[in-house]
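# Per-entry structural report
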Amino acid sequence: MALFNPDKSTLSKPKRLEGDADLQFLLEGGDLLKVRSSSWKKTRYLKLEPDCKTIWHESKKTFKSKQTFSLDDISAVRQGRQSEGLRKYTEEQVENRCFSIIFKGRKKNLDLIASSEEEAKQWVTSLHKLISNMNNLSRQEKAEHWIFNCLRKADKNSDDKLSQKELKDFLRMINIDLDDEYAEILFQKCDKSKSGLLSGAEIEHFYDLLTHREEVDVIYGEYAKTAGYMSADNLVEFLMTEQRERATLADAHKLIEKYEVDEKAKEKKLLSKDGFLMYLHHPESLVLKPEHKEVYQDMSQPLNHYFISSSHNTYLLEDQLKGPSSTEAYVRALVKGCRCVELDCWDGSDGEPVIYHGHTLTSKILFKDAIKAIKDYAFKTSDYPVIISLENHCSVEQQKVMAHHMSSILGSDLVTAPLGDCMPTGFPSPEELKGKFVVKGKRLNKLEATFAPEAAAEDDTDVTEEEDSNDEEEEQEEQKRKKTKKLKLAKELSDMVIYCKSVHFHGFEDAKQNLSFYEMSSFKEGKAVKLAEESANGYIHHNMDKLSRIYPAGLRTDSSNYNPVPLWNAGCQIVALNFQTPCAEMDVNQGRFVCNGKSGYILKPSFLRDGATEFDPITLTRGPWLQHKLLHVMIISAQQLPKVNKKKSSIVDPLVKTEPIENNGFNPSWNQSFQFEVYVPELALVRFVIEDYDSTSDNEFIAQYTLPFNSLQMGYRHVPLLNKNGDPLPAAGLFIHIIVLDAE
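As annotated in an unreviewed UniProt entry, the protein carries the name Phosphoinositide phospholipase C and comes from Myripristis murdjan. Word for word, the UniProt comment on the protein under Catalytic activity (unreviewed entry) is "a 1,2-diacyl-sn-glycero-3-phospho-(1D-myo-inositol-4,5-bisphosphate) + H2O = 1D-myo-inositol 1,4,5-trisphosphate + a 1,2-diacyl-sn-glycerol + H(+)".

Written out as structure tokens, the structure reads:
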């Protein structure tokens, strides 16, 4: 138990930062100016608590009522006036004294001003170092941190001892409820001194009893055939039999060297139970194949051969009617690997175009600020191209301003001409477009005109634009009463549209005969789903030549989402979702793009790229895509699940398609097996969902993890768990066993 100090019964400082000056700076803390508006700027005292995980802030050093947040809640720390609030409510001269703490989920940023540039840098550097240190801890170390922080909180009088009542409070804190009789038995078992209080080694013994993994003991015992240890030969047998891995003695020796914690055992090339547990917890041993965490697919195929992580109305943080618009929404989407962002552009005051959901009460942001945010964060997570999807409602004059901002801010990274010296006949690849921005929008003329100047359109030419009704139930009538309007388009903006020219869809045959490869259509979800259900093979062939963008129905004013899977199955590339809304559909989207280095590009299966394909996801006609598999999953146990209700007395009753385990979110055990049939493995996704059972209403979400079927590792695996926002739960996990077999 590396983090426990039995002499003091307290959690030690982070091992890698013991005595570090930056850590000491945070522990001492200091005054900062908190900014909420131009008139609301107040001094707050911030410092790191002794647990080295929690920051609290208060208006005075008397600490009458403190507010806290965990370092786990921080998404980023940014120096300078990078947030909307600081840009809007502070002057340029304080630029170097400013920094922002950005939180995960929907929690508002914490915008701060230090007394000097040096102090601001110190805060940012120190926070970055501490967060990096925490992120680099193993899952087991994170679990220990969490448990001992809870022990600290349970020790109400800070005497480094636990009474029986404090122990019961601690158990509830970590999501387990024991009956009084069992809790007393556990307490008496650890109270060797018979003092009625646990201290020092007694607390350590209590910890060992609490975290004991009986299911791991059973697995280890089956293969530990060398004086109670696993020899290299035993480990090879385990890897080949259970983990279905090709393993040699050399591989086993490397694993022992890497994971064994007992130096004497390591010298003898033996793996202890603790070393075995370290191996099971390591990222390489988790359920997602480690090679799929990197870019492993061919990225030299044409752009339309990929599924592309895409966002709808990216600027919105909440609903579609009155919610806030924010540049931060672009940052969050891009950091999550989104590669296609949307900008709804309207005329603004002072000649500056704005972005908002037109004809609603959503707030407005400047177009240029959105482009700056996109520029700054486009390639933080992925190096592959970002598509800027323009919904253009601006006058010609402000369109020229839009073109100017994109040109000046994005510079040479903006694609303004086809790659190469001649008229292209197909899309470039993500590899060729690395680090580039591609504009999607209306264009005055054919791209071919670029290579035939005499055919170029004049400035500010009219283009016809159709407006679709959002009433999907009146699809037939809508076709009869479509309105048309004239939109004047500035040549400067038009010329920036190269590979993604927006056009209206008039049927697959029309598209095949009359449209160039770069002319693409957007489909509202109802129309797209209908095509995917009734003309799936035709849609698949359409998407071999063209790009298709799908967007949510206008009736989804709450920013809810549709199921993207049927659209991917029909070969649609840009399936745009409301990234701001936590939901099962976004979980599935995150799972689709979790592999291939989180690049935001997933190569479509060959049967969605082959011009001769007869694949139909509805009828599942026979072909090379049909690979009948049996997926056997044993749900064994879970560890340190979060509470659904933060009340101390509220304990979850978790289930995973299993029977619920009553009052135990800390270490529930199920040992239940399931079998699933999979027919098209290359398109299948697997989603593990843990819920809190409720006999009187719907079960409540606890955690989930989704990944592609072909990215599963077989054998005994831990599944990392994500919260409703898609962020990792550092200490939580699900322990499973997986076998994939060919069906007879």
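## Considering the sheet that holds strand 9 (residues 110-113)
With antiparallel pairing, 7 strands are arranged side by side in an open sheet as 6-5-4-3-9-8-7. Of all the strands in the sheet, just strand 6 (67-70) and strand 7 (74-79) have a single pairing partner and so form its edges. Within the sheet, the average angular offset between the axes of one strand and its neighbour, ignoring direction, is 30 degrees. With 3 bridges joining them, strand 3 (residues 30-35) and strand 9 adopt antiparallel strand pairing. In the strand pairing of strand 9, Val35 is matched with Asp111. The sheet contacts of helix 3 (residues 117-135) involve strand 3, strand 4 (41-48), strand 5 (54-58), strand 7 and strand 8 (98-103), and relative to strand 7 the element is tilted by about 150 degrees.

## Considerations on the domain arrangement of the protein
When the domains of the protein are assigned, the result is domain 1 (21-136), domain 2 (140-211), domain 3 (214-282), domain 4 (303-444 + 520-608) and domain 5 (629-742). For domain 2 and domain 4, the distance between their C-alpha centres works out to 51 Å.

## Digging into the pairing of strand 8
In terms of burial, strand 8 is a largely internal element, 6 of the 6 residues being buried. Because side chains alternate across strand 8, one face comprises the buried residues Cys98, Ser100 and Ile102, and the other comprises Phe99, Ile101 and Phe103, equally buried. Summarising the sheet, strand 7 and strand 8 pair through 5 bridges and their orientation is antiparallel. The residue of strand 8 that forms the bridge with Gln79 is Phe99.

## A word on the side chain of His405
Note that His405 resides in helix 15 (residues 396-410). Residue His405 is classed as buried on the basis of its relative accessible area of 9%. In this structure, His405 is in contact with Glu352, Phe367, Lys368, Ile371 and Leu410, ignoring residues within four places of it in sequence.

## Quick look at unusual backbone geometry
With the exception of glycine, most residues fall at negative phi, and the peptide bonds are largely trans. Phi is positive for Lys598, close to 50 degrees, though the residue is something other than glycine. Mapped onto the elements, Lys598 comes out in the loop between helix 22 (584-592) and strand 26 (601-603). Note on Lys598: relative accessible area 46%, which makes it partly exposed. At Leu620, a position not held by glycine, the phi torsion is positive, near 50 degrees. Mapped onto the elements, Leu620 comes out in the loop between strand 26 and strand 27 (629-639).

What counts as what
- Residues numbered from 1 in each chain as written.
- Predicted model: local features only at pLDDT ≥ 70, side-chain atom pairs only at ≥ 80, totals over all residues.
- Heavy atoms only, no water.
- UniProt positions renumbered as here; feature names shortened; annotations may be inferred.
- Pairing = 2+ DSSP bridges.
- Helix = DSSP H or I, 4+ residues; strand = E, 2+ residues; numbered from the N terminus.
- Axes fitted to C-alpha atoms, helices over the stretch in contact; angles between N-to-C directions.
- Contact = heavy atoms within 4.5 Å.
- Domains from an automatic or database assignment.
- Buried < 20%, exposed > 50% of the residue type's maximum accessible area, 1.4 Å probe, protein only.

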